[in-house]
Amino acid sequence: MSATAIDDRARYRANPTVLQALKSPRMLTREVLAGLVVGLALIPEAIAFSVIAGVDPKVGLFSSFIMAVSIAFLGGRPAMVTAATGAVALVIAPVAPTYGMDYFIATVILAGIFQVLLGVLGVAKLMRFIPRSVMVGFVNALAIFVFSSQFPQLIGAPWMVYPLVALGIVVMIAMPKITTIVPAPLVSVIIVTAVVMAFAVTVPTVGDQGELPKSLPELFVPNVPLTWETFTIIAPFALGVALVGLMESLLTAKLVDEITDTHSNKTRESWAQGVANMLSGIFGGMGGCAVIGQTMIGVKASGARTRISTFCAGIFLFLLVVVFGDFVSTIPMAALVAVMIMVAIGAFDWHSVKPSTLKRMPKSETFVMVATVALVLLTHNLAVGVVGGVLVASVLFVRRVAHFVSVSRTVAGDVVTYTVTGELFFASSNDLTTLFSYPEDPDRVVIDLTGSHIWDASTVAALDAIETKYTALGKTVEIIGMNDSSQRMRGRLTGGFE
C-alpha cells in the first residue's frame, strides 16, 4: 500500500469510531438519543417536501428512511443526515404531475446514477471553484422557492388555517428560548395538531394529501419505455437533482467538518449519495440529499459524532410513521406550512441583503449573488442558477484580472526594455500587442517577463505577433525573465499559429 493511501486513511478516519461508541454506554446513549431527536424532526419536513414534489407523503417518508439508513453505511461524513429535501423536491416537482409516478421514480434512479458517475470522476474537487457569492445566491433562492411553494396551501384555504400557521410560527420562535432538547418544529406540529383536535377545527390534513405507509417499502420498477425519448424527458431533471444534491451534501459535509474538527471523504460522500438515491428510487422514494437542519440538530444540538446516530434516525423515523401513522395523518397542513415558512426564513441569508453589507461588499460579489437568485427564479432550476452564477463570477473575475497587467517602457541608448507585470492569459494578452511602440523603438528590443506568467496559447500567440512585427521592421527582440513553466509553454507552442 502506498504512503498516499495510508495518509488518506488516517486523514479520513472517524473519531470517535462506531466501535468506540458501541463500547461506551454513555457515548452510545448519546448517539441513539440524537438519532431519535433527528428522526422526530424528519417527519414533518419529509411530509412537507413530499407535498412540494407533488407526491404522496409516504414517498418522502420512504425516501428519508432508506437514504438515512443507507448513507449511515456508505457515506463519507459520519453523523451527517441524508433524507428528502426541499432542494431536490423543487427540482423534481414538475415530473410527477406532468409525466406520472413511473417517470418520477425513473428520474430519481437516473439522478443516482449521475451522482455515482460524478463522484467517481472526482466532481467533489470542483466545489472549490464555486464562489461564496454563488452559494449565498443558491441558499437565498432555495429559501424563496420553499416559501413560495407554500402559497397553494394558503391561497383559498379555510380562514382558520391562517391563525394556525401563525400559532405554529410563534411556537417555533419561542421554543428555543425555553429548551433546545426537543426540536421546535416537532413541538409546533404537536401543539397545532392538539388545538385542531381539541376544538374540532376542519382544515386540510396530511391524510388529505395521500395515504401514509403501513408496512416496509416495496420494490418499485418504473414502467417506462427504455428509449431515447424517455431519456431526454427525465435526464434534465435527473441532472438537476444530481448537481443540487451533491452541492448541498458537500456543503453540509464541509460544515460538519468545521464543527467536529475532523475531515470527511468528499469523493466517497458523492458516490454514496448516488447509491442512496438509486436505492430510494428502487423502493419508491423521491430521492434527496444531506439535510442541513437535521444534521445540525444531531451534530450541534445533540452531540452526535458517529454513523450510529444517522442509522438510528432512519430507523426511528420508520417506526414512528408505521406505528403512529394514524396520528400523523391527522396533522393539519397548517402545521407543516408553518414549519416550511420557518425553514425558509432560517435558510435565507439575511446578512447578505443588509444595507451595511451591500455597502461594504464589492459590487461584483453582490451582482453574482443577485444573478444566481434571478437565474434560479427564472428557470425554476437550482442547478441552472448555480452554473450560471459560476459563469457570471468567472467572467467578472477574468475581466477584473485582465486589467492587472501593466507594461512599462524604458529606453537606454540603442536598447528599449519593456517590463511586463501581471498574469498573462487570453483576457489580458489580447491587448498586449497594442502596448508596444514598434516604429519609434530602437533596433534592439528586450521584453522582461520576470514579473509575469504565461498561462495559455493566447499569450504565446501575442508574443509571436510582437516578434513578427519587430522583425518586419528589421529589429531584434529578446524575451527574458520567463519562469520554467512559461518557458516550457512558449517552447512547445511558439511558431505554431501561422
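Residues numbered from 1 in each chain as written. Predicted model: local features only at pLDDT ≥ 70, side-chain atom pairs only at ≥ 80, totals over all residues. Heavy atoms only, no water.

S.K.: If you had to explain the packing of helix H3 (residues 25-53) against helix H15 (residues 307-323) to someone new, which residues and values would you point to?
M.R.: Angle between the axes and distance between the axes: these two values describe a pair of packed helices. Where H3 contacts H15, the two axes come as close as 7 Å, and the packing angle between them is 45°. Comparing the axis directions of H3 and H15 gives the class oblique. Crossing of H3 against H15: the hand is right-handed. Taken together, the residues of H15 that come into contact with H3 (itself represented by Leu28, Glu31, Val32, Ala34, Gly35, Leu36, Val38, Gly39, Leu40, Leu42 and Ile43) are Ile308, Ser309, Cys312, Ala313, Phe316, Leu317, Leu320 and Val321. Of the residues that constitute the contact of H3 with H15, the class distribution is 15 nonpolar, 3 polar and 1 charged. (Axes fitted to C-alpha atoms, helices over the stretch in contact; angles between N-to-C directions. Helix = DSSP H or I, 4+ residues; strand = E, 2+ residues; numbered from the N terminus. Parallel < 35°, antiparallel > 145°, perpendicular 65-115°, else oblique. Left-handed = near helix turned anticlockwise from the far one by under 90°. Contact = heavy atoms within 4.5 Å. Nonpolar A, V, L, I, M, F, W, Y, C, P; charged D, E, K, R; others polar.)

S.K.: So, the sheet that holds strand E3 (residues 406-412): which residues are in play, and what are the values?
M.R.: Taken in spatial order, the 4 strands of this open sheet run E3-E4-E5-E6, and their pairing is mixed. With partners counted over all chains shown, the strands left at the sheet margins are E3 and strand E6 (476-480), one partner each. Neighbour-to-neighbour, the strand axes of the sheet open up by a mean angle of 20°, direction not taken into account. Examined bridge by bridge, strand E5 (residues 444-454) and E6 share 5 bridges and lie parallel to one another. Following the sheet pairing, Asp448 is matched in E6 by Ile480. (Pairing = 2+ DSSP bridges.)

S.K.: With reference to specific residues and values, describe the nonpolar core.
M.R.: Of all hydrophobic cores here, the largest spans 105 residues; its most connected members are Phe104, Val165, Met286 and Leu336. For Leu336, the contacting residues outside a window of four places in its chain are Pro44, Ile47, Ala48, Val189, Val206 and Ile331. Core analysis: the second largest hydrophobic core is formed by 21 residues, Tyr418, Val420, Tyr438 and Leu463 among them. (Core = buried A, V, L, I, M, F, W, Y, C linked by side-chain atoms within 4.5 Å. Buried < 20%, exposed > 50% of the residue type's maximum accessible area, 1.4 Å probe, protein only.)

S.K.: Give me helix H13 (residues 266-282): which residues, what numbers.
M.R.: Counted at 1.5 Å a residue, the expected span for H13 with its 17 residues is 24 Å, and the 24 Å between its end C-alpha atoms agrees. Here H13 has its buried residues at Glu269, Ser270, Ala272, Gln273, Gly274, Ala276, Asn277, Ser280 and Gly281. For H13, the elements touching its buried residues are helix H4 (57-74), strand E1 (82-83), helix H7 (101-120), helix H12 (228-260) and strand E2 (289-290). At the N-terminal end of H13, a side-chain oxygen is found 3.2 Å from the backbone nitrogen of Thr267, two or three residues along, and the residue is Asn265. One or two steps after H13, the chain reaches Gly284, where phi turns positive at roughly 85°. (Expected span 1.5 Å × (residues − 1). Polar contact = N/O pair within 3.5 Å; in protein donor to acceptor, adjacent residues only side chain to side chain.)

S.K.: Break down the packing of aromatic side chains for me, citing the residues and quoting the values.
M.R.: Using the criterion set out here, one finds 11 aromatic pairs in the structure. With a centroid separation of 6.0 Å and an interplanar angle of 40°, the aromatic rings of Tyr99 and Tyr103 are classed as tilted. On the basis of relative accessible area, Tyr103 is assigned to the buried category, the value being 17%. Between the aromatic rings of Phe348 and Trp350, the centroid separation amounts to 4.6 Å while the plane-to-plane angle is 50°, which identifies the pairing as tilted. Judged by its relative accessible area of 17%, Phe348 is buried. In this structure an aromatic cluster arises from ring pairing among Tyr418, Phe436, Tyr438 and Tyr470. (Phe/Tyr/Trp six-rings, centres within 6.5 Å; stacked < 30°, edge-to-face > 60°.)

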